[in-house]
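Architecture and fold: a report
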Amino acid sequence: MKFTKTMCALAVVALASVSGAAQADWKPTKNIDAIVHTGPGGGNDVLARAVAQMLEKEKLIPGRMNVINKPGGNGAVAAAAIAEKKGDAHTIGFVSTVWLANALTTAEAKVTLHDLTPVAGLLVEPAVIVVRADSPFKTLKDFIDVAKAKPGTLKQSGGSVTSRDNIVRQALQAKTGGKWAFVSFPGGGERIAALLGGHVDIMVIEPQEAGEQVRAGKMRVLAQIAAKPLVAYPGIPTMKEAGFDVPLIPQIRAVMAPPEMPKDALAYYEDLFARLRKTASWKKYVEDNQFEDGYTNSADLDKWIKQIETDMRGQFQSIGIKTVR
Amino acid sequence: MDVINGLMQGFAVALTPMNLAFGFFGCLLGTIVGVLPGLGPAATIAMLLPLTFKLDPTGALIMLAGIYCGAKYGGSTTSILLNVPGESSSVVTCLDGYQMARKGRAGAALGMSAIASFIAGTFSVVALMLVAPPMAKLSLAFSAPEYFALMVLGLTMVVLLAGQSLTKALLAMLVGLWIAGMGTDLFTATSRFTFGQTEMLGGIDFVIVAIGVFAISEVMANMEPAKPLDMLPVPKGWRNLMPTWQDMKDCRYAFMNGSLIGFFVGILPGAGSTIASFLSYGIEKSYSKHPEKFGTGVIEGVAAPEGANNAETGGSMVPLLTLGIPGSGTTAILLAALVLWGFKPGPLFIEESPAMFWGLIASLYIGNVILLILNLPLVPLFAQLLRMPGYAMYPLILGVSIVGIYTSGSSFFSLGLLALFGLVGYLMRKLDFPTAPLILGLVLGDGMEKALRQSLMMSQGDLSILVRPIPLGLLLVAGFLLIVPLFKKFNSVRVKMVDPEL
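It should be emphasised that the depicted structure is a prediction, and the values quoted were computed from it without experimental measurement.

What counts and what doesn't
- Residues numbered from 1 in each chain as written.
- Chains lettered and ligands numbered in written order.
- Predicted model: local features only at pLDDT ≥ 70, side-chain atom pairs only at ≥ 80, totals over all residues.
- Helix = DSSP H or I, 4+ residues; strand = E, 2+ residues; numbered from the N terminus.
- Buried ≥ 20, exposed ≤ 12 C-beta atoms within 10 Å, placed from the backbone.
- Rg over C-alpha atoms; globule rule 2.2 N^0.38 Å.
- Contact = placed C-beta atoms within 7 Å.
- Nonpolar A, V, L, I, M, F, W, Y, C, P; charged D, E, K, R; others polar.
- pLDDT = per-residue confidence, 0-100.
- Axes fitted to C-alpha atoms, helices over the stretch in contact; angles between N-to-C directions.
- Left-handed = near helix turned anticlockwise from the far one by under 90°.
- Domains from an automatic or database assignment.
- Expected span 1.5 Å × (residues − 1).
- Pairing = 2+ DSSP bridges.
- Parallel < 35°, antiparallel > 145°, perpendicular 65-115°, else oblique.
- Right-handed = clockwise from strand over helix to strand, strands pointing away.

A tally of regular secondary structure across chain A gives eleven helices and eleven strands. Dimensions along the principal axes, computed over C-alpha positions, put chain A at roughly 65 × 40 × 35 Å. In chain A, which comprises 325 residues, the proportion classed as buried is 55%.

See the structure below:
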């Protein structure tokens, strides 16, 4: 895993900077608006509402945090909405890797993460590779062997062509020379149904989503896409341990702010999320959802995003997805 | 008698005064949310979710289920009264419901919508309780080729929705299919017909188009100076506002049709209640003795789709509760809620949390009863709304539409689109194009395209994947539906030739 080292380094830097940061002088004078790119119930919306609840419960902010949904364009509409609040100290946005992928492939996404002010990294989302419980594939190598012997006969269900699911597949195909089809489904439920119904052979899924299926004996986990093995999946090899050390792109969730946010306000939010991260509620949330802690401060988030974007652009170009930036 | 025991246990849970209160509150809130266009059950549940952390999970789930059912009940109200679909699944209800209101039968339409919802809703809970496991297997058997055939079957209904000219109906449907293709393509990440607009990357929400071509164009047509702004007739007296016994008899097959289609489509993770309501409307019309009257205000045209969209609720619980697979936006949030409360929704859920499962089943029964009791007395009240003079009524329709669209996307761009589609709807009216096929193409187009491409990706481009038993059967039915009108035409010509008197 290429990003493991960076992550460790970032974590060290982050810890150092948090303990060193003085309490900022600026405080919100009204409710904070948090812009998300999905409708109510989408991934970032659920995260933002959970954060809003934790901030209130732990009394970390004087007022409240309102979640504002700006769905459309895989983050492009929300990015534009945040950029419109230039210089505002009471608006933040919850972003995810999708925003980067979308900006790379769509010319219409005029505002990108580079136009916004990085505040703090929050989470890294690990994933697991699963097959149906009665599948002949016991290890990832079994699957790859068949994909090499009979190219094109196996199928993977997943999301959009720019999603992590497909990037993992492409990386594995490039490394091993195996070939299998990628079938896109808009909804997570449909992807799982396609696997459980035996219509596809393999899928990349969030650990928490797979948990119950594995426990009920409906799915088997072949490998995990995570920096370190997940607590919930003991004994399951990471990609590297399984013998497939391919470059992977971390799925991150982070907080960004409008361009030219006042310095003292930025320092306040940076510190706010550093403090949130230390609360019991946050730790429980991360554990319950089987996320990995992805905290970084503003400066490191900026570097991190640039690194992810460069890696992603390389991946897209190598598999023939047209990039516009 | 596990079922009986379970159900008794469930009623014991659901009938505690506290849980009954949660159920009532959920149903009431759901009805309000359903009546307001733009705000749907998924959004409401997501917003209420943080509040439920502090509640007892059973009570909270009962409340959320009440919202889910209630929204389906309430969705028909504005469709019938104002031609503004309150929920995406109530779009079809506009076709006959609003025409009934124009003929002074708004009360009957509203009442029938509540009754059909009750019957089909209750049916789907019984079905959920009795046949969930085998149905779950069926829902997994459905994959891309099956969905494609189902969508094709849906599209052939354009023949049934066509007015005078089939050509015009087909043209309208093609425009619908075109709009459905706009936005970012899932398979290649290519932007299609976005005209360089960021807001267009996500495509056009079909609710905007539906409210535009139904409601806004209705307002425009009524603003023509040549027409006097007459008030709609509203009969006096509670009895005259309710559906008659004859109405109930007319709808007996519609209840059955709505229940079965709604439940069946509900169990499929890739379909949804809008498709269910369109399908049951089409089927109702195809076997009706007077198909030509559909669209002019027949009561079966309200009962079938309203029944179907309520039966979908029980159906969609099947994959959620037995497999842990959410089929719609609302069930996805219910799943998230279960996880947040510390439950483990998945294949073992029913076995490990029987109190929760049976409590939910019982609360769905009770919810349907509460909703019927809640909605019937509201019928005369809502029907009075039509006594409003035109100068108040049409601004009200405009206001409700605009606020509804703005709440759902909070963007001015959507309002621009609303105006545009209002104009499109008005022109279609003037040129005598039917608007329902446009909506049909829009609803089914996206899913149909995806299903076909998924099928071909699975089969490496081999079309024979479409001749598996289920898709083949569905495609044959679709072909039959397309051919029948030709025979009918042939028959009428033949009758004329044989009988010179005609």
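Still more to cover.
This part covers the overall build of chain B. Regarding its fold elements, chain B presents 23 helices and two strands. The C-alpha atoms of chain B give a radius of gyration of 22 Å, which matches the 23 Å a tight globule of 502 residues would have. In terms of overall dimensions, chain B has a C-alpha envelope of 70 × 60 × 55 Å along the principal axes. Within the span of chain B, comprising 502 residues, buried residues form 58% of the whole. When contacts within chain B are restricted to residue pairs at least 6 apart in sequence, long-range pairs at least 24 apart make up 81% of them.

What follows concerns the interface of chain B and chain A. Every contact between the two is made by 46 residues of chain B and, on the other side, 46 residues of chain A. Looking at the side of chain B that touches chain A, the elements that each hand over two or more residues are α3 (41-52), α6 (106-141), α16 (329-340) and α22 (436-458) of chain B. For the side of chain B that touches chain A, the element with the highest residue contribution is α3 of chain B, accounting for six residues. Among the residues forming the side of chain B that touches chain A, the class breakdown is 24 nonpolar, 19 polar and three charged.

Per-residue pLDDT for chain B has a mean of 86; in total, 94% of the residues score no lower than 70. Interface predicted TM-score (ipTM) for the complex: 0.84; the corresponding pTM is 0.84.

All names here are of chain B. Running from N to C, helix α9 (residues 166-180) and α22 cross one another at 40°; their axes reach a closest spacing of 7 Å. Here α9 and α22 pass one another in a crossing that is right-handed. Contact residues: α9 offers Ala-169, Ala-172, Met-173, Leu-174, Val-175, Gly-176, Leu-177, Ile-179 and Ala-180, while α22 offers Pro-437, Leu-438, Ile-439, Leu-440, Gly-441, Leu-442, Gly-445 and Asp-446. Here the contact of α9 with α22 is composed, by residue class, of 13 nonpolar, three polar and one charged.

The next point concerns the domain arrangement of chain A. Reports of interface size often rely on the accessible area that becomes lost once the parts have come together. Residue and element names in this part refer to chain A. Looking at chain A, the domain boundaries give domain 1 (2-125 + 249-318) and domain 2 (131-225). For domain 1 and domain 2, the distance between their C-alpha centres works out to 29 Å. Across the boundary between the two partners, domain 1 contributes nine residues, which contact eight residues of domain 2. Looking at the side of domain 1 that touches domain 2, the elements that each hand over two or more residues are α4 (97-105) and α11 (298-318). When the residues that make up the side of domain 1 that touches domain 2 are grouped by side-chain class, the tally is two nonpolar, six polar and one charged.

Our focus in this paragraph is α6 of chain B. The end-to-end C-alpha separation of α6 of chain B is 42 Å, well short of the 52 Å expected for 36 residues at 1.5 Å each. A large share of α6 of chain B lies buried, amounting to 27 of its 36 residues.

Okay, helix α9 (residues 263-277) of chain A next. Two residues of an α-helix separated by three or four positions point the same way, owing to the 3.6 residues in each turn. Residues and elements named next belong to chain A. With 15 residues, α9 ought to run about 21 Å at 1.5 Å a step, and its terminal C-alpha atoms sit 21 Å apart, in line with that. If you check which residues of α9 are buried, you get Ala-265, Leu-266, Ala-267, Tyr-268, Tyr-269, Glu-270, Leu-272, Phe-273 and Leu-276. Packed against the buried residues of α9 are α2 (43-57), β3 (91-96), β4 (117-125), β10 (251-257), α10 (280-288) and α11.

What follows deals with the environment of Thr-93 of chain B. All names here are of chain B. Mapped onto the fold, Thr-93 is located in helix α5 (residues 91-102). As for Thr-93 and Gly-301, which are separated by 208 residues in sequence, their C-alpha atoms are 7.1 Å apart. With sequence-adjacent residues up to four places away left out, Thr-93 is seen in contact with Ser-76, Ser-79, Ile-80, Ser-113, Val-302, Pro-305 and Glu-306.

Let's shift gears to the sheet that holds β3 of chain A. All names here are of chain A. In space, the six strands of this open sheet follow the order β2-β1-β3-β10-β4-β11, with mixed pairing throughout. Each edge of the sheet is formed by a strand with only one pairing partner; in this case those strands are β2 (65-69) and β11 (292-296). With strand direction ignored, the average angle separating the axes of adjacent strands in the sheet is 20°. Where β4 lies against β10, seven bridges are found, and the strand directions are antiparallel. When the sheet's bridge partners are listed, Val-124 is paired in β10 with Ile-252.

The next subject is the confidence of the model for chain A. Predicted coordinates in regions of low pLDDT should not be interpreted in detail. With 93% of its residues at a pLDDT of 70 or more, chain A shows a mean pLDDT of 87. Overall, residues 11-22 of chain A carries pLDDT values under 50, and its contacts beyond four positions in sequence, including any with other chains, amount to nine contacts.

Residue and element names in this part refer to chain B. Where helix α2 (residues 17-35) contacts helix α4 (residues 57-82), the two axes come as close as 5 Å, and the packing angle between them is 30°. Our classification of the angle between α2 and α4 gives roughly parallel. Crossing angle aside, the handedness with which α2 passes α4 is right-handed.

We now examine unusual backbone geometry. The residue Lys-59 of chain A is not glycine, and still its phi comes out positive at about 55°. Among the secondary structure elements, Lys-59 of chain A is positioned in the loop between α2 and β2. With 7 C-beta atoms counted inside 10 Å, the residue Lys-59 of chain A sits in the exposed group. Positive phi outside glycine occurs at Ala-189 of chain B, with the angle close to 60°. Note that Ala-189 of chain B resides in the loop between β1 (183-184) and β2 (191-192). Ala-189 of chain B gets classed as buried once you count the C-beta atoms within 10 Å, which come to 23.

With that out of the way, let us pick up the sheet that holds strand β6 (residues 155-158) of chain A. Residues and elements named next belong to chain A. Here five strands make up an open sheet; going across it, the order is β7-β6-β8-β5-β9 and the pairing mixed. Strands with a single pairing partner mark the edges of an open sheet, and in this sheet they are β7 (181-184) and β9 (219-225). Sheet twist, expressed as the mean angle between neighbouring strand axes with direction ignored, is 30°. Taken together, the six bridges between strand β5 (residues 127-132) and β9 define a ladder with antiparallel strand orientation. If you follow Val-128 over to β9, its bridge partner there is Gln-224. Docked against the sheet, helix α7 (residues 188-196) engages β5, β6, β7 and β8 (202-205), running at close to 155° with respect to β6.

The subject of this paragraph is the pairing of β10 of chain A. Residues and elements named next belong to chain A. Among the seven residues that make up β10, seven are buried, leaving the element largely enclosed by the rest of the structure. Side chains of β10 alternate between two faces, with Gln-251, Arg-253, Val-255 and Ala-257 and Ile-252, Ala-254 and Met-256 buried alike. Pairing geometry for β3 and β10, over four bridges, is antiparallel. The partner of Val-95 across the bridge, within β10, is Ala-254.

Residue and element names in this part refer to chain A. On the secondary structure map, Thr-112 appears in the loop between α4 and β4. Spatially, the C-alpha atom of Thr-112 lies 6.7 Å from that of Ala-79, the residues being 33 residues apart in sequence. Setting aside its immediate chain neighbours within four residues, Thr-112 contacts Ala-79, Ala-103 and Arg-325.

Next up on the list: the pairing of β7 of chain A. All names here are of chain A. Sheet topology note: the β6/β7 ladder contains four bridges and is parallel. In the sheet register, Ser-157 faces β7, and the bridge partner there is Val-183. The handedness of the β6 to β7 crossover, carried by helix α6 (residues 164-176), is right-handed.

What follows is about the environment of Leu-474 of chain B. Residue and element names in this part refer to chain B. In this structure, Leu-474 sits in helix α23 (residues 469-498). A tally of 21 C-beta atoms within 10 Å means that Leu-474 is categorised as buried. Sequence spacing of Leu-474 and Gly-30 is 444 residues, and the spatial spacing of their C-alpha atoms is 35 Å. With sequence-adjacent residues up to four places away left out, Leu-474 is seen in contact with Ala-149, Leu-150 and Leu-153.

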